[in-house]
Amino acid sequence: MTAARSFARSFDALPAIVEFTAESFAREGIDPALAPAVDFALEELFTNMVKYSPESVADVRIEVTGIAGGVEVTLTDYDVEPFDVTAAPDADISLPLEARRPGGLGLHLIRRLLDSIDYEYLREVRQSRITFRKTHGESPARQGVAEGGGPDVHD
Amino acid sequence: MFTIESGGEGAVVARGRLDAAQAAAAQTFLDGVQGMVTLDCRGLEYISSAGLGVLLKTQKRLVAAGGKLRLAGVNRHLQDIFVYSGFDQLFEIEPAP
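Here the structure is a predicted model, which means the values were calculated and not measured.

Visitor: Which parts of the structure should I look at to understand the sheet that holds strand β2 (residues 60–67) of chain A?
Guide: Each strand in a sheet pairs with another by means of backbone hydrogen bonds, the pair being arranged parallel or else antiparallel. All names here are of chain A. Across the sheet, five strands lie side by side as β1-β2-β3-β5-β4; this open sheet has antiparallel pairing. Looking at strand neighbours, the two that pair on one side only are β1 (2–7) and β4 (116–122), the edges of this open sheet. Pairs of neighbouring strands in the sheet enclose a mean axial angle of 15 degrees, with direction left out of account. Across nine bridges, the pairing between strand β3 (residues 70–78) and strand β5 (residues 127–135) is antiparallel.

Visitor: Looking at this model, I keep getting lost on the interface of chain A and chain B. Mind explaining?
Guide: One frequently used descriptor of interface size is the decrease in accessible area upon assembly of the parts. Contact residues are listed per partner, giving 19 residues for chain A and 19 residues for chain B. Elements that contribute at least two residues to the side of chain A that touches chain B include exactly α2 (35–52) and α3 (106–113) of chain A. If you tally residues by element for the side of chain A that touches chain B, the top one is α2 of chain A, at six residues. Tallied by class, the residues present in the side of chain A that touches chain B amount to nine nonpolar, four polar and six charged.

Visitor: Is there a simple way to explain the sheet that holds strand β3 (residues 36–47) of chain B in this structure?
Guide: All names here are of chain B. Strand order in this open sheet of five strands is β1-β2-β3-β4-β5, and the pairing throughout is mixed. Among the strands making up the open sheet, the edge pair consists of β1 (2–8) and β5 (92–95). Put simply, the sheet's adjacent strands are angled 20 degrees from each other on average, direction ignored. Pairing of β1 with strand β2 (residues 11–18), which is carried by six bridges, proceeds in the antiparallel orientation. Looking at β2, one finds that isoleucine 4 is bridged to alanine 14. Lying on the sheet, helix α2 (residues 49–64) is in contact with β2, β3 and β4 (68–74); it crosses β4 at an angle near 140 degrees.

Visitor: What's the story with helix α3 (residues 76–85) of chain B in this structure? I'm lost.
Guide: Regarding α3 of chain B, the residues found buried are Leu78, Ile81, Phe82, Tyr84 and Ser85 of chain B. Turning to α3 of chain B, the residues buried within the fold contact α3 of chain A together with β3, α2, β4 and β5 of chain B.

What counts, and where the lines are drawn
Residue numbers here run from 1 along each chain, matching the order of that chain's written sequence. Each chain is given a letter, starting from A, and each ligand a number, starting from 1, according to the order in which they appear as written. Only residues with pLDDT of 70 or above have their local features reported here, since the model is predicted, and side-chain atom pairs are shown and tallied only from 80 upward, although totals for entire chains, interfaces and linings are computed over all residues. A pair of strands counts as paired when DSSP detects no fewer than two bridges linking them. Secondary structure elements are taken from DSSP: a helix is a run of H or I of four residues or more, a strand is a run of E of two residues or more, and numbering for both begins at the N terminus. Angles here are taken between N-to-C directions and fall from 0 to 180 degrees, while the axes themselves are lines fitted to C-alpha atoms, restricted in helices to the stretch in contact. This entry defines residue contacts through backbone-placed C-beta atoms, with two residues in contact when those atoms are within 7 Å. Put simply, Ala, Val, Leu, Ile, Met, Phe, Trp, Tyr, Cys and Pro go in the nonpolar bin, Asp, Glu, Lys and Arg in the charged bin, and everything else, Gly too, in the polar bin. In this scheme every C-beta is placed from the backbone, and a residue whose C-beta has 20 or more other C-beta atoms within 10 Å is buried, one with 12 or fewer is exposed, and one in between is partly exposed.

Fair warning: the whole summary comes from geometry, so function is off the table for now.
Spelled out as structure tokens, the structure:
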């Protein structure tokens, strides 16, 4: 079963997204211990869509599906230019305080919190689709990052 | 739901979810603190990258003036976020018991 809902492209939609996710977790029997990482990834990806595609007026569709040991979430953004979130560079977290600047941490962090994140762009319909998975256990993304590699990325 | 208020004696108490929609309110409050400040995070359930930006900006300002922001009562999820952000090298962090 998949729960799906569309949200207006505004930061004001964030509480409704959190509520929808919690409802979907309960309905699908997904462990709520996975919710903080899923909420974090959803907020970062959703707010990126709002900030970087201001030309679109379409709602963003979010789908939540229970899978073995966890959850799969898909965000679909309509009438937008491509923006491959999996290609964004990591932040340099080794910099001293005086050299650090706010921003740039969102995508860096979700790579470490999730098992996988995939990006797909359908040019004919100008549609971006991001699908991520979070399960229990040590995530491949986290292991890959720890070993110096990237997350489980598919174009 | 997010609240931030003075806890007295250099403490600030944050509760709820510090997300992108609440970051401006948190920044406005923290722009008013000075010196050695402890942010009581026992009731802080969640922080987004927008919230991290608020903490970083506050720490840079306080340290430049000889003070600092300390994070106390940090839950497991927030600890993960702080470590993956490198904030464990920039802040003194006290985990929740």
